[in-house]
Amino acid sequence: ILPETDLPPLGVICEDEHGPVAAIFAYQANGIGVAIADSFLTRPGIGLKHAKKVGERALSGLRALLRLDNYGILKAFTNCRALERVLYQLGFQGTRGALTLKI
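In what follows, the accompanying structure is described.

Definitions and cut-offs
Residues numbered from 1 in each chain as written. Predicted model: local features only at pLDDT ≥ 70, side-chain atom pairs only at ≥ 80, totals over all residues. Heavy atoms only, no water. Buried < 20%, exposed > 50% of the residue type's maximum accessible area, 1.4 Å probe, protein only. Helix = DSSP H or I, 4+ residues; strand = E, 2+ residues; numbered from the N terminus. Arc of directions from axis to C-beta. Pairing = 2+ DSSP bridges.

**Focus: helix α2 (residues 81-89)**
Item 1. Turning to α2, its buried residues are E84, V86 and L87. Angularly, the buried residues of α2 cover 165° about the axis, an arc narrow enough to put them on a single face. Those residues of α2 that are exposed and angled more than 90 degrees off the buried face are R81, R85 and Q89.
Item 2. Following α2 by one or two positions, G91 has its phi on the positive side, about 105°.

Printed below as a string of structure tokens:
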């Protein structure tokens, strides 16, 4: 379990009947409309298909909250090829692990 001070202040957690199943957090740059996604998490053992589905739902919630704060861009940085492929499927664009999603 992470101490709450280790997580960015903006986060979305999705739950199912067994508890938390996915989460995504973001750091919001003050005054420029750009946020940086951090800590894409899914519960271990749920399978890739289910992880994609709940991850997409968590991302949708994060995008909605960022829109409310007038943010237009969400950036993500990863060196994990599998996560990068999933992020492309969710609409992120970019290369070499530096990805951008228009909100």
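Moving on, there is more to tell.
**Focus: the pairing of strand β2 (residues 19-28)**
Item 1. Of all the 10 residues making up β2, seven are buried; the element is thus mostly covered by neighbouring parts of the structure.
Item 2. Taken together, the seven bridges between strand β1 (residues 10-16) and β2 define a ladder with antiparallel strand orientation. Bridge pairing links L10 to A26 in β2.
Item 3. Between β1 and β2, which pair antiparallel in sequence order, lie two residues.
Item 4. Of the strand pairs in this sheet, β2 and strand β3 (residues 34-42) are connected by six bridges, and their pairing is antiparallel. Its bridge partner being in β3, A23 is matched across the sheet by L41.
Item 5. What sits between β2 and β3 in their antiparallel hairpin is a turn of five residues, with G31 showing a positive phi close to 85°.

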